[in-house]
Amino acid sequence: MSVIAAANWDEWVAKAAAMLRANRIEIDGCRYTAPATSPTANPAYVHQFLWDSCFHALAYRWFDLAMARDELRALVAAQLQDGPDAGMIPHMISRRGGSEQLWGRPDHSLITQPPLIAVTAMLLHADAPDVPFLAELYPALCAYHAWFDRRRDPDGDGLICLIHPWESGWDASPRWDRAMGLPCDVAHEQGARARAELAPRLVELGCDAGALLRAGSYCVEPVDYNAIRAADLEALGEMAAALDRPQEAMEWGGRAARVREAFQRKMVRDGSPYDLDGADEQPIVQESAAQFIALFGGCLTEAQAERLAAQLRQPRHWPRFPVPTSPTDAPAFVPDQYWRGNVWLSVNWLIYMGLRRYGYVALASELAERSLALVAQSGFWEYYHPLTGQGLGSTPQSWSAIVLDMLGRERGIEPPRQA
Ligand code: GLC
């Protein structure tokens, strides 16, 4: 029998709930869930991380709606209010301090992460409508997306560029080696040092994407990031509609369409999506699972999606535990090295939702099946070995609870409608 069919829903909820509760932190009137709190985890993982909190909220919505909403509230509470980066929501929020060394200030970083907050809020709202909650988030999310346009689109084409690999959420991916000036067989420590050294350089140049581009600093336009942004703009339009602001709903929808149009025009080559080098907009030739996340943002034609779904079924992308961030035959594939060919359930969820969006429901179910099998076998780890399923990085890692969302959807479970 399949793992999904055999799973005891209540037991999975209890397991995820206990794990998330153990990583929960209350501070300064905010509640959030840390990525990991175990003594052996990266000490930075006690802070709040932007896209992690979105995945946590999507898991919480199955059993604790109040906490799901608080997770997002805590993110927007950290939004920058002043200065050139007003509107930005930091990728890491360190309410207990800890950002001084890298960012010159104690309480947060000066870069962001994949914008999934509107998407998450609208997924919560779809099953448990809460207009006042949307009204609470809406102005902050409008300012956040205005910030992207103002500060992260120096050529004004609608595609966002990143100024640090940490912004992508795929910190050490081989996708960034060239832009970081690193060799393709870079050792983990060397890459980690280069990323840490880049942070204060960004601060020196005022985190200004245009200035950084001119200075030849890391600057890329990733496929997955821009697809996620298109989805988030679309969700912001839906949020405006739910708040009875039809004009704004249309405007945000138009902005999402503009991202998709630029995506097609610039990122799709010979039918496949490519990350672009920010300096010359040439494709970054480094195959990765990020291409499948284009589906999440509705950035592909039906024919392109068909081709991508066929590619996903190839054993190089679909080993025993899919989807490795680099295909198994890529020169840069190192299955047990951080972001260089492992399975991350955050990435799997984005691919899963993208497949469903385009109607590849059976393939999505198979991905949910293998993702749940991974957690059933190994527990809630930060990431996993795609060939053996061995857990890697730290444990228990909160965001792997996102399998609960896949399980709930596959089993047609009704999420609670009220907190
Ligand atoms: C690592 C990951 C990043 C994640 C963070 C907290 O830095 O690369 O994507 O947000 O850990 O889990």
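Residues numbered from 1 in each chain as written. Predicted model: local features only at pLDDT ≥ 70, side-chain atom pairs only at ≥ 80, totals over all residues. Heavy atoms only, no water.

J.: What am I meant to see in the overall build of the chain here?
T.: A tally of regular secondary structure across the chain gives 17 helices and 10 strands. The C-alpha atoms of the chain give 20 Å as radius of gyration, which agrees with the globular expectation for 419 residues (22 Å, within 12%). Of all 419 residues assigned to the chain, the portion counted as buried reaches 62%. In the chain, the proportion of contacts linking residues at least 24 apart, taken out of those at least 6 apart, comes to 70%. Counting 38 positive and 52 negative side-chain charges, the chain places the averaged centre of each group 1 Å from the other. (Helix = DSSP H or I, 4+ residues; strand = E, 2+ residues; numbered from the N terminus. Rg over C-alpha atoms; globule rule 2.2 N^0.38 Å. Buried < 20%, exposed > 50% of the residue type's maximum accessible area, 1.4 Å probe, protein only. Contact = heavy atoms within 4.5 Å. Lys, Arg positive; Asp, Glu negative; His and termini not counted. Charge placed at Lys NZ, Arg CZ, Asp CG, Glu CD.)

J.: It is not clear to me how the packing of aromatic side chains should be interpreted in this structure. Could you clarify?
T.: Using the criterion set out here, one finds 20 aromatic pairs in the structure. Judged by centre distance (3.7 Å) and plane angle (5°), the rings of Trp339 and Trp344 are stacked. Trp344 sits in the buried class, given a relative accessible area of 1%. Of the aromatic side chains, those joined through ring pairs into one cluster are Trp51, Phe55, Trp170, Phe296, Tyr338, Trp339, Trp344, Trp349, Tyr383 and Trp399. Taking NZ or CZ as reference, Arg69 lies 5.8 Å from the ring centre of Phe133, over its face. (Phe/Tyr/Trp six-rings, centres within 6.5 Å; stacked < 30°, edge-to-face > 60°. Lys NZ or Arg CZ within 6 Å of the ring centre and 35° of its normal.)

J.: Can you walk me through the site of the ligand in this structure?
T.: Looking at the ligand, the residues that line it are Pro35, Tyr45, Phe49, Trp51, Asp52, Gln113, Gly169, Asp171, Tyr338, Trp339, Gln397 and Trp399. A distance of 3.0 Å separates an oxygen atom of the ligand from a polar atom in the side chain of Trp51. Here Trp339 contributes a side-chain N or O atom positioned 2.8 Å from an oxygen atom of the ligand. The protein chains hide 97% of the 300 Å² of surface that the ligand would expose on its own. Assessed atom by atom at 2 Å from the grid points, the ligand resides in the largest pocket. When its residues are assigned to classes, the shell around the ligand shows 7 nonpolar, 3 polar and 2 charged. (Near = heavy atom within 4 Å. Polar contact = N/O pair within 3.5 Å; in protein donor to acceptor, adjacent residues only side chain to side chain. Areas by Shrake-Rupley, 256 points an atom, 1.4 Å probe, with all protein chains shown as cover. 1 Å grid on protein atoms, 1.4 Å probe; cavity = no way out; pocket = protein on both sides within 12 Å on 5 of 7 lines; lining within 4 Å. Sits in = over half its atoms within 2 Å of the grid points. Nonpolar A, V, L, I, M, F, W, Y, C, P; charged D, E, K, R; others polar.)

J.: Sorry, what's going on with the pairing of strand β2 (residues 30-33) here?
T.: Both faces of the sheet carry side chains from a regular strand, because those side chains alternate between them. Pairing geometry for strand β1 (residues 24-27) and β2, over 4 bridges, is antiparallel. Bridge pairing in β2 places Ile25 opposite Tyr32. In this structure, the hairpin formed by β1 and β2 is closed by a connection of 2 residues, where Asp28 is found at a positive phi of approximately 50°. (Pairing = 2+ DSSP bridges.)

J.: Just to check I follow, could you spell out the layout of surface pockets for this structure?
T.: The rolling of a water-molecule-sized probe over the atoms marks out the regions of remaining empty space. Size it by volume and the largest pocket reaches roughly 700 Å³. Residue assignment for the lining of the largest pocket shows that the elements contributing at least two residues are α3 (50-60), α5 (100-103) and α10 (188-204). Sort the elements by how many residues they give to the lining of the largest pocket and α10 lands first, with 4 residues. Its residues assigned to classes, the lining of the largest pocket shows 16 nonpolar, 11 polar and 4 charged. (Points joined across faces, edges and corners; volume = space filled by probe spheres on them.)

J.: Can you walk me through the environment of Asp107 in this structure?
T.: Positionally, Asp107 belongs in the loop between α5 and α6 (117-127). As a C-alpha pair, Asp107 and Ile4 span 103 residues in sequence and 41 Å in three-dimensional space. Contacts of Asp107, omitting those with residues within four sequence positions, involve Met92, Ile93, Ser94, Arg95 and Ser99. A distance of 2.9 Å separates the side chain of Asp107 from the side chain of Arg105, its partner in a polar contact.

J.: Which parts of the structure should I look at to understand the packing of helix α7 (residues 131-151) against helix α13 (residues 246-267)?
T.: How two helices sit against one another is set out by the angle between their axes and by the gap between those axes. It is the contact of α7 with α13, at a shortest axis distance of 13 Å, that shows an interaxial angle of 35°. Like other packed secondary-structure pairs, α7 and α13 cross with a definite hand, here left-handed. Contacts between α7 and α13 involve Tyr138, Cys142, His145, Ala146 and Asp149 from the former and Glu248, Trp252 and Arg255 from the latter. Residue classes in the contact of α7 with α13 are distributed as 4 nonpolar, 1 polar and 3 charged. (Axes fitted to C-alpha atoms, helices over the stretch in contact; angles between N-to-C directions. Left-handed = near helix turned anticlockwise from the far one by under 90°.)

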